[in-house]
Amino acid sequence: MIFNIATKISIKNRLLIQFGLATIVISVILYLLIKSIINHVIISTQDKLLSAAVNSISEKIYVDKNELSLDLPYDTFSLIGSISDDKIFYRIDLNNKFLTGYEDFPIVSKFGNLREPIFKNISYNQQNIRVASIQKSIFFNGQNNDVYVSVGQTFNLQENILFKVTNNLYFLVFIYLFFSFFIALLTAKLTLSPIKSLANKLTNKEPNDLNYIKDDLPIELTPLINSLNGHIRKLKIILKQTEIFISEAAHHIKTPLAVVKSESEIALIKSKNPENRDHLKNIISSINDVNRSTSQLLDHAMILYKLERPEISKFYLINKLNKIIEALRPIAEIRNFNIKHKILSKDKLINLDLILYETAIRNLIDNAIKYAEPESDIIIKTTITETYCKISIENKINKIIGAPKKELFKRFRRGINSENIIGTGLGLSIVNEIMQGLKGNLKIKYNKGGIFCAILLFSF
Amino acid sequence: MKVLIIEDTVKLADNLKSYFELEGHTSDISFNLTDAYEFYSSSHYDIVLLDILLPDGDGRDFLKKIRLKNDSKPIIVMTAKSDISDKVDLLDLGADDYIIKPFEFSELDARCRAVLRRQKGQNQICLEFGNLKLYPLIATITINSQNIILRNRELRLLEIFMNSPNIIFSKHQLTDRVFSISENVNENTIEVYIARIRKLIKEANIKIITLRGIGYKLEKINDI
């Protein structure tokens, strides 16, 4: 049976989404981290070059004849410039007065010393510039003079490297994402395989298979398996109790009924008073009614039990059918009916639940005996092929059923021809349920000449 | 016919005994298995009615023991269980038939008859009156070497008369014994069957006569 359960996102998709999100986050972090490291490395390199440049300039500042002199180290500038296409700017100030270089080049507020220049990013001529600045004290003119040296360089090299690295990083991140997704898919599949295997096993488990689940499954599934096995155990107990209940109920209800009925029958045989006889007949009729209801309700309960736990056995179909007919023949004979069995095929050994088979046949013949026209024949025809069996039970009826065919399969539903005939309206519904359980079919037909025909079709 | 009734429900056993006596048969009752073995070994019975749940054991054990001795005595098991598998087991154990409680005496009678018919085959009990012979187990009458097959109700009715010739039976007595109580039968229906039998036995030197307001009886034509 398939139940429509409102399903949310599958565990697989949940895992994939989670893995995917984690991968994206990790990718972004990795991208930023690598970019930051590269940036840091480039800046460090640039800082070292700028540091060398300011140191080189500061070393070329000297006092000659009480005047400050400078030999600009063009080889240093050409060295820095040759590494990249970056532009070099410099500015030298003496006691906060511009001395040489680019006059409009911004002066920084803080200066380092020879060992530790101060580095800063500034904007100059709409360009981002990295600046290294130092302050140097030189004694001349009888006093200490402060010389400020700043050397700036554009970020072209850094940006070029970063651009190239970033392009490579995009590709690497894409490859990483692709492999991560593939691994996530594989991981999700492997993680879910025990659950899938369990789900398949439970799906393929026949409704009557009450064996415990004993597969080797991950420890996380142990509570679920324990719970399922617990339910199977409870179901087994309930089914056993049902069987015992049915058996005991039959004994405890039917034995007192048998006493009352036999007492009433003896009293009826001995009674000559018409009034008392009518009363006794009414009592017997009521007992029959109670007995019929009880028997069929117990039969129904037994069938529901058997449909849950069918016991498949091998038997010859026609041979068994003949035995059922012989068992019912005395009841038919009491009412002057003749049961004729027309065998249209060879007997065959079949695999079926014997009780379900017998109950279906017995109920249909029983119905035929109850509703057949007096002194008519009940005709049973049996056809067996390689795969299925067809048993039809025909009897003449003198009244119309007065109910749609399908309605007769409902519990406690009887035709209008059942007036004054003891019954519960469970017979055909029991047969129909058995046929559904055996994946067979019960058909009702009204043939010409007032013939009611019940057909059983089932495979074996 | 002599019947052994093995049934622990005293009232039911007594009623079965009463019924068989009213039908002109004799019977013994055993309320437990121990007595049943004693009755069975000390007397001859034509048929055994056996209950399953007995105070000192299972009726199936009785059945098994009898069959182990290759004794094919007709045994009908009376069971209250609805479970057919149980009945299948009973037949496999050697029961000739089973009847589910509560049952009508007419059904019990029909089953006894069917079992005896199967058991005895052509070695039939024969009831004879005048030049008519009735073989109840094969539902046949013979008049002047001519065989006539009877239907069940005709047989039951004629058997009643043949068992007690010259005895008057009222309509309701005959109705009770021929029809099932669960059937809604008018007492006048019996007249239809009396008419049928009269037609079937017209060649015989016996006749069913009507005693107006009293009933019917079977007499030899010479006696009339």
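In this text, all values refer to a predicted model and were calculated from it rather than measured experimentally. (Residues numbered from 1 in each chain as written. Chains lettered and ligands numbered in written order. Predicted model: local features only at pLDDT ≥ 70, side-chain atom pairs only at ≥ 80, totals over all residues. Heavy atoms only, no water.)

**Section: the overall build of chain B**
Heads up, the condition is: The helix and strand labels rest on DSSP assignments: H or I over at least four residues marks a helix, E over at least two residues marks a strand, and numbering proceeds from the N terminus. Exposed residues in this analysis have more than 50% of their type's maximum accessible area, buried residues have under 20%, and partly exposed residues fall in between, with area computed by a 1.4 Å probe over protein chains only. In what follows, residue pairs with any heavy atoms lying within 4.5 Å of each other are defined as contacts. A 1.4 Å probe and the Shrake-Rupley method give the accessible areas. Residues count as covered only by the protein chains that appear here.
Of regular secondary structure, chain B possesses eight helices and 13 strands. Looking at chain B residue by residue over its 224 residues, the buried ones come to 55%. Contacts in chain B between residues at least 24 apart in sequence constitute 52% of all its contacts with a sequence separation of at least 6. Carbon and sulfur atoms provide 48% of the accessible area of chain B, an area that totals close to 9600 Å².

**A short note on the packing of helix H6 (residues 152-163) of chain B against helix H8 (residues 189-200) of chain B**
All names here are of chain B. For clarity, the cut-off: Angular values range over 0 to 180 degrees, each being the angle between N-to-C directions of two axes fitted as lines to C-alpha atoms, with helices fitted over their stretch in contact. Here is the rule for angles: anything less than 35 degrees is roughly parallel, anything more than 145 is roughly antiparallel, 65 through 115 is roughly perpendicular, and the remaining ranges are oblique. Residues are grouped as follows: Ala, Val, Leu, Ile, Met, Phe, Trp, Tyr, Cys and Pro are nonpolar; Asp, Glu, Lys and Arg are charged; every other residue, Gly included, is polar.
Between H6 and H8, whose axes approach to 10 Å, the crossing angle comes to 80°. With respect to each other, H6 and H8 are oriented roughly perpendicular. Side by side, H6 and H8 meet where Arg153, Glu154, Leu157, Leu158 and Phe161 of the first sit next to Ile190, Tyr193, Ile194, Arg196, Ile197 and Leu200 of the second. Across the contact of H6 with H8, the residue classes tally to eight nonpolar, no polar and three charged.

**Some thoughts on the sheet that holds strand S10 (residues 140-143) of chain B**
All names here are of chain B. Here is the rule we go by: At least two DSSP bridges between two strands are needed for those strands to be called paired.
Read from one edge to the other, the open sheet built from four strands follows the order S8-S9-S10-S11, with strand pairing classed as antiparallel. Single-partner strands in this sheet number two, and they are strand S8 (127-129) and strand S11 (146-149). Geometrically, the sheet is characterised by an average inter-axis angle of 20° between neighbouring strands, direction not taken into account. Here four bridges tie S10 to S11, and the two strands are oriented antiparallel to one another. Of the residues in S11, the one forming a bridge with isoleucine 141 is isoleucine 148. Across the sheet, H6 lies against S8, strand S9 (132-135) and S10, angled at about 120° from S9, the strand it touches most.

**Focus: the pattern of salt bridges**
All names here are of chain B. Applied cut-off: We define a salt bridge as a side-chain nitrogen of Lys or Arg found within 4 Å of a carboxyl oxygen belonging to Asp or Glu.
Applying the stated criterion across every chain, the model contains 29 salt bridges over all chains. A salt bridge links glutamate 21 to lysine 17, with the shortest nitrogen-to-oxygen separation between them at 3.5 Å. Remark: lysine 17 and glutamate 21 occur in helix H1 (residues 10-22); sequence separation between them is four residues, near one turn of the helix. Overall, lysine 17 belongs to the partly exposed group, its relative accessible area being 25%. In this structure, arginine 111 and aspartate 97 form a salt bridge, with 2.9 Å as the shortest nitrogen-oxygen distance. Here arginine 111, found in helix H5 (residues 105-120), pairs with aspartate 97, found in strand S7 (residues 97-100); they are 14 residues apart in sequence, far enough to count as distant. By sharing partners, the salt bridges in this structure join Glu23, Asp109, Arg113, Arg156 and Glu159 into a single network.

**Description of the interface of chain B and chain A**
Heads up, the rule is: A simple way to read buried area is as the amount of 1.4 Å-probe accessible surface that goes missing from two parts once joined, with both sides added.
Contacts between the two partners involve 42 residues from chain B, matched on the other side by 44 residues from chain A. Summing the contributions of chain B and of chain A, the shared interface buries around 4200 Å²; its carbon and sulfur component is 57%. Counting across the interface, chain B meets chain A through two salt bridges. Between A:Lys261 and B:Glu104 there is a salt bridge, with its nearest N and O atoms 3.9 Å apart. Elements supplying a minimum of two residues to the side of chain B that touches chain A: H1, helix H4 (84-93), S7, H5, H6, helix H7 (171-178) and H8 of chain B.

**Observations regarding the nonpolar core**
Residues and elements named next belong to chain A. Basically, it comes down to this: The set of buried Ala, Val, Leu, Ile, Met, Phe, Trp, Tyr and Cys residues whose side-chain atoms join them within 4.5 Å is what this entry labels a nonpolar core.
Counting 45 residues, the largest nonpolar core has Leu317, Tyr357, Ile365, Ile391, Leu456 and Phe458 as the members making the most contacts within it. For this core, the secondary-structure elements that each account for two or more residues are helix H6 (317-334), strand S10 (349-353), helix H7 (354-371), strand S11 (377-384), strand S12 (388-396), helix H8 (427-437), strand S13 (441-447) and strand S14 (451-459). With 10 residues, the single largest contributor to this core is H7. In this structure, tyrosine 357 is in contact with Phe315, Leu317, Lys320, Leu321, Ile324, Leu352, Ile391 and Phe458, ignoring residues within four places of it in sequence.

**Comments concerning the environment of A:Tyr62**
Along the chain, A:Tyr62 turns up in strand S1 (residues 61-64). Linking A:Tyr62 and A:Phe140, residues 78 residues apart in sequence, is a C-alpha distance of 9.8 Å.

**Concerning the side chain of B:Glu219**
Residue and element names in this part refer to chain B. Which entries qualify depends on this criterion: Polar contacts, as used here, are pairs of N or O atoms within 3.5 Å; protein pairs need one atom able to donate a hydrogen and one able to accept it. Residues neighboring in sequence count only if both atoms are side-chain atoms.
Turning to its location among the elements, glutamate 219 is positioned in strand S13 (residues 215-220). On the basis of relative accessibility, which here comes to 9%, the residue glutamate 219 falls in the buried class. Within the structure, the side chain of glutamate 219 is placed 2.3 Å from the side chain of lysine 217, a separation counted as a polar contact.

**Some thoughts on the environment of B:Ile99**
All names here are of chain B. Residue position: isoleucine 99 is located in strand S7. Residues isoleucine 99 and alanine 80, 19 residues apart in the sequence, show an inter-C-alpha distance of 8.5 Å. With near-sequence residues (within four places) excluded, isoleucine 99 lies in contact with Ile76, Val77, Met78, Thr79, Glu107, Leu108 and Arg111.

**Some thoughts on the pairing of strand S2 (residues 26-30) of chain B**
All names here are of chain B. The condition that has to hold: Whether a crossover is right-handed comes down to one check: with the strands pointing away from the viewer, does the path from the first strand over the helix to the second run clockwise; if it does, it is right-handed.
One ladder, built from five bridges, connects strand S1 (residues 2-6) with S2; its direction is parallel. Paired with leucine 4 across the strands is aspartate 28, a residue of S2. The parallel pair S1 and S2, bridged by H1, forms a crossover whose chirality is right-handed.

**Re the confidence of the model for chain B**
Where we set the bar: pLDDT expresses, on a scale from 0 to 100, how confident the predictor is about each individual residue.
In the predicted model, chain B carries a mean pLDDT of 86, and the fraction of residues at 70 or more is 92%. What the predictor reports for the complex is a pTM of 0.61 with an ipTM of 0.78.

**What about H1(B)?**
Residue and element names in this part refer to chain B. Spelled out, the test is: A helix is expected to span 1.5 Å for every residue after the first. This arc is built from the directions going out from the helix axis to the C-beta atoms.
Compared with the 18 Å implied by 1.5 Å per residue over 13 residues, the 18 Å span of H1 between its first and last C-alpha is a close match. All buried positions along H1 are accounted for by Leu12, Ala13, Asn15, Leu16, Tyr19 and Phe20. Seen from one end, H1 has its buried residues packed into an arc of 165°, which puts them on one side. Trailing H1 by a residue or two, glycine 24 shows a phi angle of about 90°, which is positive.

**Notes on the sheet that holds strand S5 (residues 118-124) of chain A**
All names here are of chain A. Read from one edge to the other, the open sheet built from five strands follows the order S4-S3-S7-S6-S5, with strand pairing classed as antiparallel. Each edge of the open sheet carries a strand with a single partner, namely strand S4 (97-101) and S5. Across the sheet, the mean angle separating the axes of adjacent strands is 30° when strand polarity is ignored. Direction of pairing for strand S3 (residues 88-94) relative to strand S7 (residues 143-154): antiparallel, over a ladder of seven bridges. Directly across from leucine 94, in S7, lies its bridge partner valine 147.

**Observations concerning the environment of A:Cys453**
All names here are of chain A. Examined against the element boundaries, cysteine 453 turns out to sit in strand S14. Sequence-wise, cysteine 453 and isoleucine 378 are 75 residues apart; in three dimensions their C-alpha atoms are separated by 10.0 Å. If we ignore the near neighbours within four places in the chain, the residues touching cysteine 453 are Ser392, Ile393, Glu394, Lys443, Ile444, Lys445 and Asn447.

**A few points about the confidence of the model for chain A**
Averaged over all residues, the pLDDT of chain A equals 83, while 91% of them reach at least 70. The weakest mean pLDDT in chain A belongs to helix H2 (residues 74-83) of chain A at 72; the strongest belongs to S11(A) at 93.

**Here we look at the packing of aromatic side chains**
All names here are of chain A. Selection rule: In summary, the pairing rule links any two rings of Phe, Tyr or Trp, Trp by its six-membered ring, whose centres are within 6.5 Å, and it sorts them by plane angle into stacked for under 30 degrees, edge-to-face for over 60 and tilted for everything else.
Enumeration over the complete set of coordinates arrives at 16 aromatic pairs over all chains. Geometrically, the ring pair formed by phenylalanine 89 and tyrosine 124 is edge-to-face, given 5.0 Å between the ring centres and 85° between the ring planes. Within this pair, whereas phenylalanine 89 is found in strand S3, its partner tyrosine 124 is found in strand S5, the two being separated by 35 residues in sequence. Chaining the aromatic ring pairs together yields one cluster made of Phe89, Tyr90, Tyr102, Phe105 and Tyr124.

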